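Below are the chains, spelled out letter by letter.
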Amino acid sequence: MTATRTEIFSAGIVEAGLGTVTREIPAGEPPPWPPNAELTWIGKDVPRLNGRDKVTGATRYTVDVRLPGMLHARFLRCPLPSAELRKLDTAAATALDGARAVIALARPGDRLRYAGQPVAAVAALSPGVAAEALAAIDAEFRPLPFVVDMDEARAPDAPLVYDEASAPKGNPSGFPAAPGLPVVGNVRGPAVVRRGDPAQGFAAADIVVEGEYRTQVQTHSCLEPHAIVADWRADGLTVYMSTQFTSGVRQELAALFGLPLNRVRVVVDGMGGGFGSKSQLGVYGRTAVELSRLAGLPVRLALDRHEEQIDAGNRPGTFQRMRLGAKRDGTLTALAIESHGTAGVALGAGIGFFAERIYTCPNFETLQHDVFVNAGPGCAMRGPGNTPGAYGLEQAIDTLSERLGLDPLALRDRIDPSKARREERRIGAERIGWSRRHKPGADPGAVKRGMGVAQSLWMSNVQTNVACEVRVLRDGSVEALSSVQDIGTGIGTVMAQVVAEVLGLRPGDITVRIGDTEFPPGGPSYGSRTTASITPPLRTAATRVLAELGREAARMLNAAPEELEAREGRIRVKSDPGRSLAFRDAAALLRTDRISAVESRADDYPGFRRRMPDAAMAHEDLGGVQFAEVAVDTETGAIRVERVVAVHDCGRPINRLLLESQVQGGVLMGVSYALLERRVMDRRTGLMVNADLEHYKLAGVHDTPEIEVVILENLQGNSATDAYGIAEPANIATAPAIANAVYNAIGVRLTSLPMTPDVVLAALGKTGRS
Amino acid sequence: MPNEPEPIRHFRLNGRNCAVPAADHTLLVETLRETLGHVGTKQGCDGGECGACTVLIDGVARLACLTRTGECEGHEIETIEGLAAGGRMSRLQRAFHERLGTQCGYCTPGMIMAAESLLRRDPHPTETAIREALSGNLCRCTGYVKIVEAVLEAAGAG
């Protein structure tokens, strides 16, 4: 047992009134922080510390890395949605002048399951020669029957994507994790979650609401493509990679190539977005390393936009059947969901977690199915499962509130146990002017306005395999180190704020070194877990290194170390601030050029709710409520989102400027999901017809609504910083809030995404389509 | 294979004379990034869709991925590297930095060059004009709100 001590923490939502909570915490942890108003840097608007490099073009992304002798690699990809590889002859490609390595990724006789599946790869002196080498590969494909549409894939006579033996067993994106499920035809499942007795719950209901909802396949569309430069040398492997998880990729590489961890280094500096799709090594990463090993030279492999669209991950499409039972007062008696989703040739299309956790309902059942189709593998994308799941459930709740004659906010006040979301509903309703909301379709005229609300739920995840180092050098300079990567959210700035707060310095005084596995292991930048994982051990490390510095300063100031504090660039005696030393002068007293502390942590103070290898779930009610105001042109069918109010909580906010930016981005990604984005597969050819950024529509600056962001300070006394993430909750509620607003505008419910003008007109009965 | 020597192209790049070999089909984005090492200009799509490679040619925003290097003969090209004269951030760069107009930052150079082009011809643009000028530049991270705010601020400070 480690020694502990008792501390009293401020707890509660600052905006709604604070109480306290008493915690038994490990003796080595720093004392509780007060609310942000009493802190110097935490919770403040600190601009991005590496912002200057970003605006001057100095930031180096993986696509910018150039090494001496570097080769350029490209894939030969399967041109058909389903095929048998009949022949693969790479001799001419290998013999080509300037080609340095060629590898086969499939063998004759292999079944290829989607258009774009890698078949072979080449590395050559230039991109041009690589293209020539690809053309010199003699490959023959025998076309096989295929299916790309999820509904068609469910038919009993549909062409099979897999047989039972070859179907993937695990679950690449982990939602829901249910190994060993039966596979019938192209359908795997159901994965069942049940509590109580749903049949009895429906029998006890006064009102039953049913609904069917459909969501599209969305691609991640990171602006920087998936890219890697692999440098295999006799003494070890260095990989520069646009990745969300340097230390995870290192582990994968070590295992795959039989290397010890200390011979594998993964580096990322600038990182051009990931959204879930750059979480793993991937086939492209593995291939580049293999080519580098064969050629004995560095190899660069960067996907083009077409490859990004067909084979770099996507958010699965879903079909959801929901059934809700409730008493007249709104109390839920039963909730049942049957869902089918498709992640192409992969798994992970479940949507049930959101409904399972967000509302109080004693009787609950989900039956979730993955449907295989001949399309590129899906993977986790910003709020996996919960984003499509919220689109269905939050509309069903809206329908229920109308049937009950209750305001949607009043119904949620009854069924949602989250205190944070209750406060968020109150604040959001005031900001958007909820009292102006009219009855569905009541706006006269051709352009009808409406207002809607929907909620977010995500887990507070924490990576436990995380450590941080803080160093003080004898000239008074300070470094914070971790392999954690900044994928754009600004974690480096957050780290500098934490260290500056502890050491009494300014964030700009802290040099943050991250994105390199030479430093202590940082966690992944996914699952909204980075801040929660990295900041508590970082604060502890900074506290420890300060204590060491304090021992030197104490001698000089004739005080006991515990009498000292670090404020405003000085180490001073708390009771007599005039007796002080500049931080720099204190550092000059050090016997060695630098001192250092490395810290990690095993648990949140109240204990993690669930543990997984290397990670844990602290709690499962990271919230957020969003309100949308839309204008629907009933003549053109165009929906314009005019305003979104997004009220969120993430424990203790560390940098409101960065948080606002992330929430605004999450909202816009939700607008884009709701109105524009859709991967279109041609049923006759099995190919993606909009594999670019022209016909695959991302929201642009013209589509941006006014976005008002409110971040609560929700203190819980859970860790040394009490900070959690926000990336995913910011995205989950947007599309259903817009859908509910559209219903409020036109009085007709749209139940499929994206809500394009043709869908609106069809719903209004203004076209021949139904 | 026998290679014809590539013709030398002459243009001004960020205020300096520049002579660089480029074949007829070579795109400006390749010349900037691969031959000249000016990797601040980014490429995000397969041609003309994302705006990440926006540069100024004779002061006007152009896509370097749709411009052949040969067409630049005798013209004035400006890239993101040329904006911070003497190491000082331009007003737009400062506003993007302070107002957090960046997140991952990959679209930022193109975004700033598109905005720069606007401010040169219209130093005090309306918000509508700013949105129009940036409508060819995609950003997947920020939601554009702080980008527009940054351009407005730079225009106000101009």
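Here, the structure is the one placed above.
Small disclaimer: the values here were computed from a predicted structure and weren't measured. (Residues numbered from 1 in each chain as written. Chains lettered and ligands numbered in written order. Predicted model: local features only at pLDDT ≥ 70, side-chain atom pairs only at ≥ 80, totals over all residues. Heavy atoms only, no water.)

1. Description of the interface of chain B and chain A
When the parts of a complex come together, some accessible area is lost, and that lost area is often taken as the interface size. As a reminder of what qualifies: For this analysis, residues touch if any pair of their heavy atoms sits within 4.5 Å. A quick way to say it: buried area is the sum, across both parts, of accessible area lost when two parts are put together, with a 1.4 Å probe. For this analysis, a salt bridge means a side-chain nitrogen from Lys or Arg found within 4 Å of a carboxyl oxygen belonging to Asp or Glu. Between N or O atoms, a polar contact is any pair within 3.5 Å; within protein, one atom must be a potential hydrogen donor and the other a potential acceptor, and residues adjacent in sequence are included only when both atoms are from side chains. Runs of H or I in DSSP of at least four residues are treated as helices and runs of E of at least two as strands, each being numbered from the N terminus. When residues are grouped by polarity, Ala, Val, Leu, Ile, Met, Phe, Trp, Tyr, Cys and Pro land in nonpolar, Asp, Glu, Lys and Arg in charged, and all others, Gly among them, in polar.
Between chain B and chain A, the contact holds 45 residues from the first and 56 residues from the second. Of the roughly 4100 Å² buried where chain B meets chain A, counting both sides, 57% is carbon and sulfur surface. Across the chain B-chain A interface, the total number found is 5 salt bridges. A salt bridge links Arg33 of chain B to Asp64 of chain A; the shortest N-O distance between them is 2.9 Å. Linking chain B to chain A there are 25 residue pairs in polar contact (both at pLDDT 80 or more). When residues of the side of chain B that touches chain A are traced back to their parent elements, those giving at least two are α1 (28-35), α2 (91-98), α3 (108-121), α4 (127-133) and α5 (145-157) of chain B. When residues in the side of chain B that touches chain A are grouped by element, the largest group, 4 residues, is from α2 of chain B. Here the side of chain B that touches chain A is composed, by residue class, of 20 nonpolar, 13 polar and 12 charged.

2. Some thoughts on the pattern of salt bridges
Heads up, the rule is: Partly exposed residues are those whose accessible area sits between 20% and 50% of the maximum for their type, while under 20% is buried and over 50% is exposed, using a 1.4 Å probe and protein chains only.
According to the stated counting rule, one finds 58 salt bridges over all chains in the structure shown. Residues Asp311 of chain A and Arg77 of chain A are paired through a salt bridge, measuring 2.7 Å at the closest nitrogen-oxygen approach. Taken together, the residues Asp311 of chain A in helix α8 (residues 305-311) and Arg77 of chain A in strand β3 (residues 71-77) connect sequence positions 234 residues apart. For Lys146 of chain B, the salt bridge goes to Glu660 of chain A, with nearest N and O atoms at 2.7 Å. Taken together, the residues Lys146 of chain B in helix α5 and Glu660 of chain A in helix α16 (residues 656-675) connect one chain to another. With relative accessibility at 3%, the residue Lys146 of chain B sits in the buried group. Through salt bridges with shared partners, a single network forms among Asp413, Asp416, Arg421 and Arg425 of chain A.

3. Some details on the layout of surface pockets
For clarity, the threshold we go by: Using a grid of 1 Å spacing that covers the protein atoms alone, one calls a set of points a cavity when a 1.4 Å probe fits there but cannot get out, and a pocket when the set is open and has protein on both sides within 12 Å along at least five of seven lines; lining residues are those with an atom within 4 Å of a point. Grid points are joined across faces, edges and corners, and a volume is the space filled by probe spheres set on the points.
In this structure, the second largest pocket spans a volume of roughly 1700 Å³. Together, 50 residues line the second largest pocket, and Ser126, Pro127 and Gly128 of chain A together with Glu30 and Glu34 of chain B are the ones closest to its centre. At the level of elements, β3, α3 (127-136), β16 (299-302) and α8 of chain A together with α1 of chain B are the ones that each hand at least two residues to the lining of the second largest pocket. Taken together, the residues of the lining of the second largest pocket sort by class into 23 nonpolar, 12 polar and 15 charged.

4. Concerning the sheet that holds strand β25 (residues 510-513) of chain A
All names here are of chain A. Which entries qualify depends on this criterion: In short, DSSP must find at least two bridges between two strands for them to pair. Every axis in this analysis is a line fitted to C-alpha atoms, fitted for helices over the stretch in contact. Angles between the N-to-C directions lie between 0 and 180 degrees.
Spatially, the 4 strands line up as an open sheet ordered β25-β24-β23-β29, and their pairing is mixed. Pairing within the sheet leaves two strands with one partner each, and these edge strands are β25 and β29 (594-600). Mean inter-strand twist for the sheet, computed between neighbouring axes without regard to direction, equals 20°. In terms of strand pairing, strand β23 (residues 467-473) meets strand β24 (residues 478-481) through 4 bridges, oriented antiparallel. Residue pairing for β24: Glu469 is matched across the bridge by Leu481. The sheet contacts of helix α13 (residues 491-503) involve β23, β24 and β25, and relative to β25 the element is tilted by about 140°. Lying over the sheet, helix α14 (residues 530-557) contacts β23, β24 and β29, oriented at roughly 145° with respect to β29.

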